[in-house]
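An overview of the molecular structure
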Amino acid sequence: MIDSHTHLAFCEPPDAELVAAASEAGVTRMLTVGTNGVTCRAALQAAEDFPQVYAAIGRHPNEATGFDDADLAELKALAAHPRCVAIGETGLDYFRDHAPHPDQQRAFAAQIELAHETGKPLVIHTRAAEGDTLAALRERAGGLRVILHCFSMPARIAECLEQDDWWISFAGNVTYPSAADLRAAVVRVPPERLLVETDAPFLSPQPVRGKPNQPANVVHTASALANERGVSYEELESEVEASSATLFGW
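For the structure given in this document, a descriptive report is provided here. (Residues numbered from 1 in each chain as written. Predicted model: local features only at pLDDT ≥ 70, side-chain atom pairs only at ≥ 80, totals over all residues. Heavy atoms only, no water.)

Considering the pattern of salt bridges
The line we're drawing: A pair is scored as a salt bridge if a Lys or Arg side-chain nitrogen falls within 4 Å of a carboxyl oxygen belonging to Asp or Glu. Only DSSP runs of H or I with at least four residues qualify as helices, and only runs of E with at least two residues qualify as strands; both kinds are numbered from the N terminus onward.
In this structure the tally under the stated criterion is seven salt bridges. Lys 76 is paired through a salt bridge with Glu 117; the nearest N and O atoms lie 3.7 Å apart. Of this pair, Lys 76 sits in helix 3 (residues 69-79) while Glu 117 sits in helix 4 (residues 101-118), and the two are 41 residues apart along the sequence. Residues Arg 156 and Glu 159 are paired through a salt bridge, measuring 2.9 Å at the closest nitrogen-oxygen approach.

Quick look at the packing of aromatic side chains
Put simply, the rule is: Centres within 6.5 Å are what make two rings of Phe, Tyr or Trp a pair, Trp counting through its six-membered ring; a difference in plane orientation under 30 degrees is then read as stacked, over 60 as edge-to-face, and the rest as tilted. In this scheme, Lys NZ or Arg CZ marks a charge over a ring once it lies within 6 Å of the ring centre and within 35 degrees of the ring normal.
This structure, assessed with the given rule, holds four aromatic pairs. Through a chain of ring-to-ring contacts, the aromatic side chains of Tyr 54, Phe 248 and Trp 250 assemble into a single cluster. Across from the ring centre of Phe 95, 3.7 Å away, lies the NZ or CZ of Arg 127, which sits over that ring. The side chain of Arg 209 reaches across the aromatic face of Tyr 176, ending 3.6 Å from its centre.

Things to note about the sheet that holds strand 5 (residues 122-127)
Where strands meet in a sheet, backbone hydrogen bonds hold them as pairs that are either parallel or antiparallel. What counts is decided by this rule: By the convention used here, strands pair only if DSSP detects at least 2 bridges between them. Orientation is described by lines fitted to C-alpha atoms, with helices fitted over the stretch in contact, and by angles between N-to-C directions that extend from 0 to 180 degrees. By the convention used here, residues are in contact when the closest approach between their heavy atoms is within 4.5 Å.
Read from one edge to the other, the open sheet built from eight strands follows the order 1-2-3-4-5-6-7-8, with strand pairing classed as parallel. The open sheet has two edge strands with one neighbour each: strand 1 (2-6) and strand 8 (194-196). Between one strand and the next, the sheet's axes are offset by a mean angle of 30°, whatever the strand orientation. By the bridge criterion, three bridges tie strand 6 (residues 146-148) to strand 7 (residues 166-170) in an arrangement that is parallel. Counterpart to Ile 147 in the pairing with strand 7 is Trp 167. Contacts from helix 2 (residues 37-49) reach strand 2 (29-33), strand 3 (53-57) and strand 4 (84-93), with the element oriented near 160° to strand 3.

Brief notes about the environment of Gly 131
Looking at where Gly 131 falls in the secondary structure, it is placed in helix 5 (residues 130-140). Linking Gly 131 and Thr 6, residues 125 residues apart in sequence, is a C-alpha distance of 25 Å.

Re the pairing of strand 7
Put simply, the rule reads: Between buried and exposed lies partly exposed: a residue is buried under 20% and exposed over 50% of the maximum accessible area for its type, with that area taken using a 1.4 Å probe on protein chains only. If you view a crossover with the strands going away from you and the path from the first strand over the helix to the second runs clockwise, you call it right-handed.
In terms of burial, strand 7 is a largely internal element, five of the five residues being buried. With burial as the criterion, each face of strand 7 is covered, one bearing Trp 166, Ile 168 and Phe 170 and the other bearing Trp 167 and Ser 169. In the sheet, strand 7 pairs with strand 8 via three bridges, with the strands oriented parallel. When the sheet's bridge partners are listed, Ser 169 is paired in strand 8 with Leu 195. Viewed along the sheet, the connection from strand 7 through helix 7 (residues 180-186) into strand 8 turns out right-handed.

Describing the side chain of Asp 93
The condition that has to hold: The convention is simple: Lys and Arg are positive, Asp and Glu are negative, and His and the chain ends are not counted. Contacts described as polar in this section are N or O atom pairs within 3.5 Å, which, within protein, must combine one atom able to donate a hydrogen with one able to accept it, while residues neighboring in sequence count only if both atoms come from side chains.
Tracing the backbone shows Asp 93 in strand 4. The side chain of Asp 93 is buried and forms no salt bridge, while Arg 127, the nearest opposite charge, is found at 5.3 Å. Among the polar contacts listed, one links the side chain of Asp 93 to the backbone nitrogen of Arg 96, at a separation of 3.3 Å. Here the side chain of Asp 93 touches His 125 through a polar contact of 2.8 Å, side chain to side chain. Look past the residues within four positions of Asp 93 in its chain and what remains in contact with it is His 60, Pro 61, Asn 62, Gln 104, His 125 and Arg 127.

Next comes the structure, spelled out in structure tokens:
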């Protein structure tokens, strides 16, 4: 199984313990995602240290205050690392008042352009900003491979699937009893565009809810997706491995 989005830098156990536990659970690869300069460098270090780990380099919208040319230059330098396979996470978050909207939008546009320059996929975070996020992607991200991380807009699944190069990634919240609308979206995603993630240490899936999340727990979410889609775990595993290989080129 693949964990397409995790944050090793935010998890309390050392990276070695997290990677070992994930391997024991059957997780063969994971993408650890940077949200600012410090965590991007940590992601690259983890990717250097462990062959199962790859990095995404970006500036999270909640970290976008004052985003300027120097910040973009730092991202460009980090994104040139051979273990960086994606740009982001980036996007818009209007739920928390952590960064001014113009700063978020400027950082988002810059990272879309960086994805174009590098030819790497773009990892999207959106919260309470679906309209602006999708509009920006339609306007600027044509020709890019886009990952809708922690998919959270089931009412708009149809328009997301209209974009041939958008992947849909489901996190542990899809397993929650209240998430029937998300589970209904699960069955609509073509297997070649389906991803599973932990977003660790956040959003622990239902079987371990209340405990800090970690990459090993992606198997719980994957099992729930397989059940919802009416396929075996092994079939879903094969589909997700193929989907992620096409997307990330590993």
